[in-house]
2 protein chains.
Amino acid sequence: MSNRTQYPSKVLGDAVEAIASLPGVGRRSAMRLAMYLMRQPGENIHHFAAAVDRLADDIRYCSICRMVCDDDICPVCADRKRDRSMVCVVAGIRDVMSIEETGQYHGLYHVLGGIISPINGIGPGDLSIGSLVERLQGPEAPAEVILALSGDVEGETTSFYIYRQIEKFGVKVSSLARGLGFGDDLEYADSLTLGRSILQRQPFKV
Amino acid sequence: MSNRTQYPSKVLGDAVEAIASLPGVGRRSAMRLAMYLMRQPGENIHHFAAAVDRLADDIRYCSICRMVCDDDICPVCADRKRDRSMVCVVAGIRDVMSIEETGQYHGLYHVLGGIISPINGIGPGDLSIGSLVERLQGPEAPAEVILALSGDVEGETTSFYIYRQIEKFGVKVSSLARGLGFGDDLEYADSLTLGRSILQRQPFKV
């Protein structure tokens, strides 16, 4: 289907063009999806459209940790059972969801909303680093900040920048353990990861 | 991301679930798309949702050929320059769009809205075969019906069923030529297609 495709109906064409504007969705897939939707009962289509429409005005961000939520404060920050002595700094909300799924972390979060990336024009001022610094000076200042950013150059740069901003508050700063994944084969591990696994070896437990 | 995923926000979760209900879109992709939409300007999101929403109530079908359109009669049926002596019978609207793109056909269409498929519970009564038969008895009855259905068993069955329904009206019935595609290599052609290409060989033109 070419770009010049004449749609038989403006209504259908508009829907296809809208769906094709999503990243990774080609015009052919968009046509398939629009035709699938078209065949659904009207109320299902209205439900779908309304659910997407609410993303425009009803998404809110936690005033403490900047996590996506429905209220002024997110459920994690509002939960008095969470360990308030530690704050885990992540790039985005998907990272929070991934860490929550492990069930291994019971502290709080701080969502930066991105990573320092000069090539994409994202500087420290575009991220919620200022509010992290404020949290360290507030009444509920944590004892430990865990930098859970990606292991690439941009992630490391962002971690280093944040470390420089917060070290003066005397907070303990840690970062995620790096090494071979569980079940990974030494033969196929990249040498950087394997090297780190050796340097950061742990006492053997039985 | 498991099925049990707790979304940090009901608004986001509802949007992800709605998008993930589309065929071929997993929950992970749906999350990515919802987050992409979430970051767009509000008016873009409203525009997207409205374009999809209109699929529920504003899609109409041509009263003559059953093609999707915006009015009572589609642009092809309404175009007096089209050759009204031939009607091309197709399974769906995408087939009409494909044939229109070739620029080689100037007649009318008839959209069945599917193909006879007992395994999917689709019988002749679910398709617009009755209205095709009516067209052959009407004031603008075509001289030729081209059965442009797929070459598989279900397509052949549907073609045969329609042929039986319309042969009594003395209309010329034809079907699409089958054979090697342009540029196809004999070595890699399936034997059924190659066999048909030999049987239905054409006079050599220079």
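Preceding block: the structure.
Residues numbered from 1 in each chain as written. Chains lettered and ligands numbered in written order. Predicted model: local features only at pLDDT ≥ 70, side-chain atom pairs only at ≥ 80, totals over all residues. Heavy atoms only, no water.

Engineer: Teacher, can you tell me more about the sheet that holds strand β5 (residues 144–147) of chain B here?
Structural biologist: To summarise the sheet geometry, strands pair through backbone hydrogen bonds and adopt either a parallel or an antiparallel arrangement. All names here are of chain B. Across the sheet, four strands lie side by side as β4-β3-β5-β6; this open sheet has parallel pairing. The sheet is open, and its two edges are formed by β4 (107–111) and β6 (172–175), each paired on a single side. Across this sheet, the average inter-strand angle for adjacent strands is 25°, counted without regard to direction. Both strand β3 (residues 83–90) and β5 contribute to a ladder of four bridges, which runs parallel. Paired with Met86 across the bridge in β5 is Glu144. Against the sheet, helix α6 (residues 130–137) contacts β3, β4 and β5, and its axis sits at roughly 150° relative to β4. (Pairing = 2+ DSSP bridges. Helix = DSSP H or I, 4+ residues; strand = E, 2+ residues; numbered from the N terminus. Axes fitted to C-alpha atoms, helices over the stretch in contact; angles between N-to-C directions. Contact = heavy atoms within 4.5 Å.)

Engineer: I tried to follow the sheet that holds strand β5 (residues 144–147) of chain A on my own but got confused; where do I start?
Structural biologist: Residues and elements named next belong to chain A. If you walk across this open sheet you meet the four strands as β4-β3-β5-β6, and the pairing is parallel. Pairing within the sheet leaves two strands with one partner each, and these edge strands are β4 (107–111) and β6 (172–175). Strand after strand, the sheet turns through a mean of 25° between neighbouring axes, direction not considered. Helix-sheet contacts for helix α6 (residues 129–137) involve β3 (83–90), β4 and β5, and the interaxial angle to β4 is about 150°.

Engineer: Whenever I open this one, the relation of the copies chain B and chain A confuses me. Can you help?
Structural biologist: The relation between the two chain copies is a rotation about an axis coupled with a shift along that axis. The transform that puts chain B on chain A rotates by 180° and translates by 0.0 Å along the axis, for an RMSD of 0.1 Å. Taken together, the rotation and translation relating the two chain copies correspond to the operation of a two-fold axis. Proximity to the rotation axis, assessed at the C-alpha, singles out Ala49(B) in chain B; its C-alpha lies 2.3 Å from the axis. When the interface residues of chain B are mapped onto chain A, 100% of them again lie at the interface, so the same face is used by both copies. (Least-squares fit on C-alpha atoms with pLDDT ≥ 70 in both.)

Engineer: How do you make sense of the pairing of β5(A) when you look at a structure like this?
Structural biologist: Regular strands show a simple pattern: their side chains alternate between the two faces of the sheet. All names here are of chain A. In β5, alternate side chains face the same way, and those of Glu144 and Ile146 on one face and Val145 and Leu147 on the other are all buried. Both β5 and β6 contribute to a ladder of four bridges, which runs parallel. Across the sheet, Leu147 pairs through a bridge with Ser175, a residue of β6. The parallel pair β5 and β6, bridged by helix α7 (residues 153–166), forms a crossover whose chirality is right-handed. (Buried < 20%, exposed > 50% of the residue type's maximum accessible area, 1.4 Å probe, protein only. Right-handed = clockwise from strand over helix to strand, strands pointing away.)

Engineer: Any chance you could explain the packing of helix α1 (residues 10–20) of chain B against helix α2 (residues 27–38) of chain B here in plain terms?
Structural biologist: The angle between the axes and the distance between the axes are what describe a pair of packed helices. All names here are of chain B. Two elements in contact, α1 and α2, have axes whose closest approach is 8 Å; the angle formed by their N-to-C orientations is 125°. By the angle between their directions, the pair α1 and α2 is classed as oblique. Handedness of the α1/α2 crossing: right-handed. Residues Leu12, Ala15, Val16, Glu17, Ile19 and Ala20 of α1 form the contact with α2, whose participating residues are Arg27, Ala30, Met31, Leu33, Ala34, Leu37 and Met38. (Parallel < 35°, antiparallel > 145°, perpendicular 65-115°, else oblique. Left-handed = near helix turned anticlockwise from the far one by under 90°.)

Engineer: Mind showing me how you'd approach the pattern of salt bridges here?
Structural biologist: A side chain of one charge can pair with a side chain of the opposite charge when the charged atoms of the two come close. Here the structure, examined in full by the defined rule, presents 16 salt bridges over all chains. Salt-bridge contacts for Glu140(B) lead to Arg84(B); the nearest nitrogen and oxygen are separated by 3.1 Å. Here Arg84(B) lies in strand β3 and Glu140(B) lies in the loop between α6 and β5, a separation of 56 residues in the sequence. On the basis of relative accessibility, which here comes to 17%, the residue Arg84(B) falls in the buried class. The network of salt bridges with shared partners includes Lys10(A), Asp14(A) and Arg54(B). (Salt bridge = Lys/Arg side-chain N within 4 Å of Asp/Glu carboxyl O.)

Engineer: Would you mind showing me how to read the packing of helix α2 (residues 27–38) of chain A against helix α5 (residues 93–102) of chain B here?
Structural biologist: The contact between α2(A) and α5(B) brings their axes to 11 Å, and the two run at 145°. Of the residues in α5(B), those in contact with Met31(A), Arg32(A), Met35(A) and Met38(A) of α2(A) are Ile93(B), Arg94(B) and Met97(B). Broken down by class, the residue content of the contact of α2(A) with α5(B) amounts to five nonpolar, no polar and two charged. (Nonpolar A, V, L, I, M, F, W, Y, C, P; charged D, E, K, R; others polar.)

Engineer: So what exactly am I meant to see when it comes to the interface of chain B and chain A here?
Structural biologist: Interface size is commonly expressed as the accessible surface area that is lost when the partners come together. Between chain B and chain A, the residue contacts involve 50 residues of the former and 50 residues of the latter. With both chains or domains summed, chain B and chain A bury close to 4,700 Å², and 73% of this area falls on carbon and sulfur atoms. There are two salt bridges connecting chain B and chain A. Between Asp14(A) and Arg54(B) there is a salt bridge whose closest N-O contact spans 3.8 Å. Joining chain B to chain A, the criterion identifies nine residue pairs in polar contact (both at pLDDT 80 or more). Elements with a contribution of two residues or more to the side of chain B that touches chain A: α1, α2, α3 (42–57), β2 (68–69) and α5 of chain B. Looking at the side of chain B that touches chain A element by element, the count peaks at 12 residues for α3(B). Across the side of chain B that touches chain A, the residue classes break down as 33 nonpolar, seven polar and 10 charged. (Buried area = accessible area lost by both parts, 1.4 Å probe. Polar contact = N/O pair within 3.5 Å; in protein donor to acceptor, adjacent residues only side chain to side chain.)

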